[in-house]
Amino acid sequence: MIRYLLILLFFYCGALYAQVTPVTELSEVNLKYIKLKDSVYTTTQTVLSDSVLKRNQSSLTSLLNYNTTIYLKENGLGMVSSPSFRGTTAQQTAVLWNGININSQTTGQTDFNTINTRGFDQVVVKSGGGGVIDGSNAIGGSIYLENILDYNLGFENDLFLKYGSYKTYGIDYKTSYSTKQASFSLGISRQGSENDYEYLGTDRINKNGQFNNTNISSSFGFKLNKRNIINFYANIYEGKRNFSLPTPNALETKYNDFNTRSMLEWVSKSRNLTSNTKVAYITENYKYYPNIARDFYTYGDVGSLFLKYNLDYELGRILLTGGLNYNQNNGEGSDLAHEIRHLGSAVLGLKHKVNQRFLYEISLRQEFNSTYESPFLYAAGIQAVITSFYTLKLNTSKNFRIPTYNDLYWEGLGNADLKPELSYQGEMSHVLHIPNASLTINGYYNKVQDLLLWTPDVNGIWRPKNAENVKIYGVEGLLTAKKSIAAHSFNVSATYAYTVSTNEKTNKQLIYVPYHKLTTAVGYGYKKLSAYYQYINNGEVYTTTDNATEHILNSYMVANFGLEYNLGKKTNTYVLGAQILNLWNESYESVLNRPMPGRNFNVYLNFNI
Amino acid sequence: MLAIILLLQNCTSDDRDIIIETPPPSGDYANGIFVLNEGGYTYSNASVSFIDNSGQVYNNIFYAVNGRGLGDVAQSMAFHRDKAYVLVNNSNTIEVVNRYTFESISTIEQDILNPRFMTFDGDKGYITNWGDPADTTDDYVAILNTETNIVINTISVSEGPEEILNNNGTLYVAHKGGWGYGNTISVLNASSETVISNIQVSDVPGNMMIYNNDLYVLCAGKGDYTGDETVAGVHKINLATNHVTDQIIFADGVHPGYFQIDNNSLLFTLNRDVFKVNLNDFTLPEAPFFSTNAQNVGVLYGFKISNGNIYVADAKDYVSNGTVLVYDLQGQFQENYNVKLIPNGFYSNN
């Protein structure tokens, strides 16, 4: 711990010395129209823009692993992957597609290897509880997958081609056309890999690990008049994965995902009022083949309808917000009885910018449903600009996670008497905003009650229940800095998290929650040449609830290096790039007995016209 | 800056290998009892512990002797002459070792798919296999040549073959069920390698034991979670006629776990309690013989009477190292031993 802190301190001091210009503009102090969900006044969020997405691998797992404090548990490259955000469980991170919560209704979590980041214009990571705005599962934090509609840019095309070790390929094409009134974009992405990498230090290879996926995303925006905008978003994802074998002679299995998302949005503005109406329909479908040699599979299938209405009212320095949400899930599966459930909620919010230096916000949410207890949620926070370079934020919130279809309706084992998990948290952020660099230090505390867990009884039968309470606290540091000297430009972003997440009864650290995680990305540009280096260090994790040392998964460090050259002129870019992944050939696993690849290579081409 | 980056490279802690424990002074694992720890599903951390008669525990002995892991979910173990066979269910392998030194002799991979239990007749081993667990028609008994360690034939059987016992060349296979739930005992002729008959029993036959020329079978019945709950039973089958000659039927909603027969008494587990049935009157007792409540068992996952002791395996929450609890034949708690992940069985090596 001490060693990490010293390193960080050293690192940050070095960066402060560099006297650079700000990378992230944090001071959007004007209280004009703000969508409540975009607010970062009293919490912390990190925006991963298109340029960051392109330099990372296409899976959401890899993107977040190298750029955020989130620990990713990946069953081998490309296989099932789940997050631990701020010491929470896989189901306690909400993933939202253009504002719609897409966590699986059957498992409660999102498999981060079924999200292809090439289908989005930016990915935003919001730390901490967001239950009032993001709904269920936003306990450790939320991930926003966003498509952005641009206007008046004409015709644009972007082609990104990539090929690398283990026959890994990526083909991404995005075309967009926009006028002053209308905007249209269509993106198609195809990723695949034989994924037959060697397990370092053994004579085994990753057998039966091949995968491919296709993502199609489209958005359409139309400004009807000065006051009314209609937007439409659609996304189709199809993923086919064979599951890599835990042991060489194991039975070969595979897993197919098919997800669709579509949403119609109407934004209407008048002098003081802004209303936003959304209708969305998403479907999730999986098929698991326990033996690839046969056609037999088990499946889960849920369709979800969302209706969201939000009204903002501006009154001088005050913004009042009211919202109504309705969500219907209609699901069934091999082991799930067919069920339809209805969930509703009402939201009220107030933001008040008292003066140039002080802002507070309060928001409340009441859930309505007939299936289980409907919690009342809240969030409140302040932002105080203490000096020109130091801002203090305080935030507290109550958040929840609803029982999943599996928890409630699994035939024979589902438990209709489950309550939602509840999380009470408090957070303090210090934002240091110095020329060309910003440093955020967060401290938080989170108490999660009535964790929804499947636990075995004395006869070894697993059943879901509200089983445990968990206490989490931690410290995070987020740094970005940038500097240019003549034709040379440098940029650095780094994150560090110290996380203690303990079971209240046993006082043991939760499994797969590292005490330490560090990420660093350094970029260097000289004229048309750029180089970048990414580095993560994940601390050791326990894999057993008794924290037995012989079952610890070792800490590891993994680094990637990339080099690219822009052959283009003016606004057109023709980028030729190459990457070395796992540069130091580290042998590592993020889940026990699931080795990750050693050093491997790829080259890419990006045309943007 | 570069210096800092390089400095950061060194934060990885030293590798933490499985602790290698020194073998017993005699150099072999005789005069004691093996405990099979199945390990977590897909985590490949199955292991074998050995508790010698003085109470000394040796963990991870397969790894200590052979320098590699046992595999993914160790299901059961069987002895034949000087060899021990460890059936590794999700690895689809059988590890053949010397039963005293635990040195590896062979790893059997061919024609083994979801192996469950094993017995022997002459030079042949008979292994029950579920095959593809989701396929209810591909279950079989594999026949192993114990001289060559090669599977020489397979006998197709009905779904979910579990325990297998040999009575002078007649094999009894309990169809507990894998994907579904079974309710038969198959009778096989070991030399002709054929199924000769089926014995109808209650649902979910698990443990079987042969005692005084009778075969006893414990059927747990289908649990409430199956949506079709059925009653449990203990059946006594005459080995000469293969007919059920006596039985105990449990009350509705009562599902016993494991049983053992010792000194004309049948002991079975029910939740955290152990009940005792006198084989002479073969009726259910009112009150438990003893309880493991005081030892706060998480998951009661193994039960064995051996060398005058009653051994109970506590698998905790399936995600922690387990414990072996030892009781005397009067049900008095004696001591406990820390073993490894998910202990599921005991095999005396005296």
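No experiment lies behind these values; they were computed from the predicted model shown.

1. Comments concerning empty space enclosed by the protein
Residue and element names in this part refer to chain A.
Working step 1: A complete count under the given rule lists ten cavities of 30 Å³ or more for this structure.
Working step 2: Taken as a whole, the largest cavity spans an internal volume of roughly 700 Å³.
Working step 3: Surrounding the largest cavity, 44 residues form its lining, Gln57, Ser59, Ser62, Leu77 and Leu581 being those nearest its centre.
Working step 4: With four residues, helix α3 (residues 60–67) is the largest single contributor of residues to the lining of the largest cavity.
Working step 5: Class assignment for the residues of the lining of the largest cavity results in 17 nonpolar, 23 polar and four charged.

2. Some thoughts on the confidence of the model for chain A
Working step 1: Overall, the predicted model of chain A reaches an average pLDDT of 91, with 93% of residues at or above 70.
Working step 2: Low pLDDT (under 50) marks residues 1–38 of chain A, which in the prediction has 83 contacts with non-local residues, meaning those over four places away or in another chain.

3. Some details on the packing of aromatic side chains
Working step 1: Scanning all chains against the criterion turns up 34 aromatic pairs over all chains.
Working step 2: Where Tyr255(A) meets Tyr286(A), the ring centres are 5.4 Å apart and the plane angle is 5°; that geometry is what we call stacked. In this pair, Tyr255(A) is assigned in strand β13 (residues 253–269) and Tyr286(A) in strand β14 (residues 273–289), connecting sequence segments 31 residues apart.
Working step 3: Considering the side-chain rings of Tyr515(A) and Tyr542(A), the 6.4 Å spacing of their centres and the 85° angle between planes classify their relative orientation as edge-to-face. With a gap of 27 residues between them, Tyr515(A) in the loop between β24 (488–503) and β25 (516–526) and Tyr542(A) in the loop between β26 (529–538) and β27 (556–566) connect regions that are remote in the sequence.
Working step 4: Overall, the relative accessible area of 27% leaves Tyr515(A) in the partly exposed class.
Working step 5: Take Tyr542(A): its relative accessible area is 17%, and that puts it in the buried class.
Working step 6: Following the ring pairs from residue to residue traces out a cluster consisting of Tyr29(B), Phe34(B), Phe50(B), Tyr58(B), Phe62(B), Phe79(B) and Phe102(B).

4. As for the nonpolar core
Working step 1: Within the largest apolar cluster, 25 residues are counted, with the highest numbers of intra-cluster contacts made by Leu60(A), Leu64(A), Val123(A), Ile143(A) and Leu145(A).
Working step 2: Elements with a contribution of two residues or more to this core: α3, β4 (93–97), β6 (122–127), β7 (141–146) and β14 of chain A.
Working step 3: Take this core: its biggest share by element is three residues, from α3(A).
Working step 4: If sequence neighbours within four positions are ignored, Leu60(A) has contacts with Phe112(A), Ile115(A), Thr117(A), Val123(A), Ile143(A) and Leu145(A).
Working step 5: The next biggest cluster of nonpolar side chains, apart from the first, holds 18 residues, and it includes Val48(B), Phe50(B), Phe62(B) and Ala74(B).

5. Observations regarding the pairing of strand β27 (residues 333–341) of chain B
All names here are of chain B.
Working step 1: For strand β26 (residues 321–328) and β27, the ladder comprises six bridges, and the chain directions are antiparallel. Looking across to β27, one finds that Thr323 is bridged to Asn338.
Working step 2: Count of turn residues in the β26/β27 antiparallel hairpin: four residues, of which Gly331 carries a positive phi of about 85°.

6. As for the pattern of salt bridges
Working step 1: Scanning all chains against the criterion turns up 28 salt bridges over all chains.
Working step 2: For Asp132(B), the salt bridge is made with Arg294(A), and the minimal N-O distance between the two is 2.8 Å. Residue Asp132(B) is found in the loop between β9 (124–129) and β10 (140–145), and its partner Arg294(A) is found in the loop between β14 and β15 (298–315); the two belong to separate chains.
Working step 3: With a relative accessible area of 23%, Arg294(A) lands in the partly exposed category.
Working step 4: Two residues, Glu504(A) and Lys447(A), come together in a salt bridge whose shortest N-O distance is 2.6 Å. Here Lys447(A) lies in strand β22 (residues 437–456) and Glu504(A) lies in the loop between β24 and β25, a separation of 57 residues in the sequence.
Working step 5: On the accessibility criterion, Lys447(A) (22% relative accessible area) is partly exposed.
Working step 6: What emerges from the salt-bridge pattern is a single network uniting Asp50(A), Lys54(A) and Asp158(A).

7. Description of the interface of chain A and chain B
Many authors give the size of an interface as the accessible area that is lost as the parts come together.
Working step 1: Each partner contributes to the interface: chain A provides 55 residues, whereas chain B provides 45 residues.
Working step 2: Of the roughly 4200 Å² buried at the junction of chain A and chain B (both faces included), carbon and sulfur atoms supply 57%.
Working step 3: Contact with chain B buries area across many residues of chain A, yet Asn249(A), Val458(A) and Glu550(A) alone supply 16% of it, more than any other trio.
Working step 4: In this assembly, chain A and chain B are joined by four salt bridges.

8. Some thoughts on the confidence of the model for chain B
All names here are of chain B.
Working step 1: Residues of chain B with pLDDT of at least 70 account for 94%, and the chain-wide mean is 93.
Working step 2: Every residue in residues 1–15 is under pLDDT 50, and counting partners more than four places away or in other chains gives 33 contacts.
Working step 3: Model confidence for the complex is summarised by a pTM of 0.91, with the ipTM given as 0.91.

9. Quick word on the pairing of β6(A)
Residue and element names in this part refer to chain A.
Working step 1: β6 sits mainly inside the fold: six of its six residues count as buried.
Working step 2: In β6, alternate side chains face the same way, and those of Gln122, Val124 and Lys126 on one face and Val123, Val125 and Ser127 on the other are all buried.
Working step 3: With six bridges joining them, β6 and β7 adopt antiparallel strand pairing. Bridged to Ser127 within β7 is Gly141.

10. Topic: the sheet that holds strand β7 (residues 104–108) of chain B
All names here are of chain B.
Working step 1: Read from one edge of the open sheet, four strands run β4-β5-β6-β7, paired in antiparallel fashion. Both edges of this open sheet fall to β4 (74–80) and β7, since each of them pairs with a single strand only. The sheet shows a mean angle of 20° between the axes of neighbouring strands, taken without regard to direction.
Working step 2: Bridge count between strand β6 (residues 93–98) and β7: four bridges; the pairing is antiparallel. Opposite Ile94, over in β7, you have Ile108 as the bridge partner.

11. Observations concerning the side chain of Glu550(A)
Working step 1: Within the fold, Glu550(A) resides in the loop between β26 and β27.
Working step 2: With a relative accessible area of 15%, Glu550(A) lands in the buried category.
Working step 3: Of the polar contacts made by the side chain of Glu550(A), one reaches the side chain of Lys340(B); its length is 2.3 Å.
Working step 4: Residues within four places of Glu550(A) in sequence aside, it is in contact with Asn321(B) and Lys340(B).

12. Describing the side chain of Asn349(B)
Residues and elements named next belong to chain B.
Working step 1: Take Asn349: it is sitting in the segment after β28 (343–348).
Working step 2: A polar contact is formed between the side chain of Asn349 and the side chain of Arg99, at a distance of 2.8 Å.
Working step 3: In this structure, Asn349 is in contact with Tyr29, Ala30, Asn31, Gly32, Ile33, Phe34, Phe50, Phe79, Arg99 and Tyr100, ignoring residues within four places of it in sequence.

13. Some thoughts on the environment of Leu145(A)
Residue and element names in this part refer to chain A.
Working step 1: As for its placement among the helices and strands, Leu145 is situated in strand β7.
Working step 2: Residue classification places Leu145 among the buried residues on the basis of a relative accessible area of 0%.
Working step 3: When the C-alpha atoms of Leu145 and Gln122 are compared, they prove to be 6.4 Å apart, with 23 residues separating the residues in sequence.

14. Things to note about unusual backbone geometry
All names here are of chain B.
Working step 1: In this structure, Ser44 is a non-glycine residue whose phi angle is positive, near 55°.
Working step 2: Position of Ser44 among the secondary structure elements: in the loop between β1 (32–37) and β2 (47–52).
Working step 3: The exposure class assigned to Ser44 is partly exposed, which follows from its relative accessible area of 22%.
Working step 4: At Asn271, a residue that is not glycine, the phi angle is positive and equals roughly 50°.
Working step 5: Residue position: Asn271 is located in the loop between β21 (265–270) and β22 (273–278).
Working step 6: Overall, Asn271 belongs to the partly exposed group, its relative accessible area being 38%.

The rules behind each value
- Residues numbered from 1 in each chain as written.
- Chains lettered and ligands numbered in written order.
- Predicted model: local features only at pLDDT ≥ 70, side-chain atom pairs only at ≥ 80, totals over all residues.
- Heavy atoms only, no water.
- 1 Å grid on protein atoms, 1.4 Å probe; cavity = no way out; pocket = protein on both sides within 12 Å on 5 of 7 lines; lining within 4 Å.
- Points joined across faces, edges and corners; volume = space filled by probe spheres on them.
- Helix = DSSP H or I, 4+ residues; strand = E, 2+ residues; numbered from the N terminus.
- Nonpolar A, V, L, I, M, F, W, Y, C, P; charged D, E, K, R; others polar.
- pLDDT = per-residue confidence, 0-100.
- Contact = heavy atoms within 4.5 Å.
- Phe/Tyr/Trp six-rings, centres within 6.5 Å; stacked < 30°, edge-to-face > 60°.
- Buried < 20%, exposed > 50% of the residue type's maximum accessible area, 1.4 Å probe, protein only.
- Core = buried A, V, L, I, M, F, W, Y, C linked by side-chain atoms within 4.5 Å.
- Pairing = 2+ DSSP bridges.
- Salt bridge = Lys/Arg side-chain N within 4 Å of Asp/Glu carboxyl O.
- Buried area = accessible area lost by both parts, 1.4 Å probe.
- Axes fitted to C-alpha atoms, helices over the stretch in contact; angles between N-to-C directions.
- Polar contact = N/O pair within 3.5 Å; in protein donor to acceptor, adjacent residues only side chain to side chain.

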